Amino acid sequence: MLYIGIDLGTSAVKLILMDGSGAIQKTVSKEYPLFFPHPGWSEQKPEDWYGQTAAGLKELLADADKSQVAGISFGGQMHGLVILDENDRVIRPAILWNDGRTAEECAYLNDAVGREKLSKYTANIAFTGFTAPKLLWLKKHEPENFAKIKKIMLPKDYIAYRLTGVHCTDVSDASGMLLFDVEHRRWSEEMCGICGVKEEQLAKVFESYEPVGTVLPEIAEEFGIPETTVVAAGAGDNAAAAVGTGTVGDGRCNISLGTSGTVFISSEKFRVDSHNALHAFAHADGHYHLMGCMLSAASCNMWWMDEIIGTDDYAAQQREIRNLGENHVYFLPYLMGERSPHNDPDARGTFIGMTMDTTRADMTQAVLEGVAFALRDSFEVAKALGIRPERTKICGGGAKSPLWRKIIANVLNVKVDMIESEQGPGLGGAMLAAVACGEYESVEEAAEKIVKVVDTEEPDSELVAKYEARYQQFREIYPACRELFKKIR
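These notes cover the structure that comes with them. (Residues numbered from 1 in each chain as written. Predicted model: local features only at pLDDT ≥ 70, side-chain atom pairs only at ≥ 80, totals over all residues. Heavy atoms only, no water.)

1. Describing helix H2 (residues 103-122)
Moving on, step 1. Relative to the 28 Å expected for 20 residues at 1.5 Å per residue, H2 spans just 19 Å between its end C-alpha atoms, considerably shorter than the ideal helical length.
Moving on, step 2. Its axis deflected by about 100° at Gly-114, H2 carries its strongest bend there.
Moving on, step 3. All buried positions along H2 are accounted for by Glu-105, Cys-106, Leu-109, Asn-110, Val-113, Gly-114, Leu-118, Ser-119, Tyr-121 and Thr-122.
Moving on, step 4. Buried residues belonging to H2 abut helix H3 (131-141), strand E10 (180-181), helix H7 (189-195) and strand E18 (279-282).
Moving on, step 5. At the C-terminal side of H2, Ala-123 shows a positive phi close to 75°. (Helix = DSSP H or I, 4+ residues; strand = E, 2+ residues; numbered from the N terminus. Expected span 1.5 Å × (residues − 1). Bend = angle between axes of the 7 residues up to and from the residue. Buried < 20%, exposed > 50% of the residue type's maximum accessible area, 1.4 Å probe, protein only. Contact = heavy atoms within 4.5 Å.)

2. A short note on the environment of Leu-84
Moving on, step 1. Note on placement: Leu-84 falls in strand E6 (residues 82-84).
Moving on, step 2. Of the residues examined, Leu-84 reaches a relative accessible area of 0% and is grouped as buried.
Moving on, step 3. Residues Leu-84 and Cys-195, spaced 111 residues apart in sequence, show a C-alpha to C-alpha distance of 17 Å.
Moving on, step 4. Once residues lying within four places of it in the same chain are set aside, the contact partners of Leu-84 are Arg-89, Val-90, Ile-91, Lys-148, Ile-149, Lys-150, Lys-151, Met-153, Tyr-158 and His-167.

3. Notes on the sheet that holds strand E22 (residues 391-395)
Moving on, step 1. Pairing is mixed in the open sheet, where 7 strands are placed in the order E18-E19-E17-E16-E22-E23-E24. Strand pairing shows two members of the sheet lacking a second neighbour, E18 and strand E24 (453-457), which therefore form its edges. Each strand of the sheet is rotated relative to its neighbour by a mean of 30°, with strand direction disregarded.
Moving on, step 2. Here E18 pairs with strand E19 (residues 288-294) via 4 bridges, running antiparallel. Each bridged residue has a counterpart across the sheet, and for Ala-282 the counterpart in E19 is Tyr-288. (Pairing = 2+ DSSP bridges. Axes fitted to C-alpha atoms, helices over the stretch in contact; angles between N-to-C directions.)

Here is the structure:
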């Protein structure tokens, strides 16, 4: 049988076709626009997501035996606010995960409602990218749109709705809304009250590997697939990437170097760090995970290469880098503000330490190292909880760089495993579809049989020591700049 994984990203939707053994038969990618209607704002049109997903599905299945398609599932960008009216029409463009307009609403939630209450209700505190603060913003600034809301959804769930007619979400994606009781895997009555929404306005919650329904007859006809094709709930992009890298079970780690960057640690037990610096979310395997998320990761390198240097030959720029662990230039990678562990929408990208002998290679190296150091900030929070992974998987566009993998291995002092497939959330989505269809008994079984490590970057003790000293300097820069950032908006 065949399974489709749909990775609804920030810049494009990526689709993969996987057979029952886990072999990828075909991949397709379709881009869509991103809108910045105001500095710090970030929006997309859900209709664009579906239009490009539909186009991608037709291309993906063009040469396939469509009768063998058994299931479809998703990985998707998290936190985005999608609102539908009583006729299930999109009311306004979706407000995305990297949108920074809700600083005032987050301050209200964290300070007036209180971090302790938020953590009790949802296991998390408010971050500007989360969905609940967006609802409060909408209620204040667009009351006419707020009044029209019949359903509140997340990005990938809009695609699931278009395919099945079911308003659904999954536990991992719902965890990032600040409306979900993560520990008990249900909507929080208290948070609904605080945000002025009713539970019936929220989607039905499923485990990531559970079927939400089958495709609508008109969908089956349009794409030439069976009406029995199962659609599984899927997962938020990081949980789906974790499934696709085999980061399931207890104490396993995955680093994602995509537009954003994450440190993802799976856990069989529910746990929360005392400062809520890491997100405590439900996992797609039926358990839980901790996650540190930085808003700009591989996107920092893209910005540096595309906008500042003006080149698309990233590898050539990295070949000029010679002396790892000895760079005197530092870079704070906070181009969109920062989430974990600082929770500071005012933070900004910053170079420091340049002298007259600083080279372009030094600056490029500083960008790569700055992202690695920021990932370690979240790693340090996990260590404080007694979690000390000795190795991690890695995925995302930035993971294709051998140099960046080497830097990360030595900054974090862990073994970094590359896996056979680089599809991350798309593969995870296809694997969840296969579990939903009974191809595998559990997410853990699917990961064990499908995910294969093909290479490992080992840390070097001498380089680890050099980076330890550099990291201790790096961690002093943000506190020194924090108050200044508030003044230079």
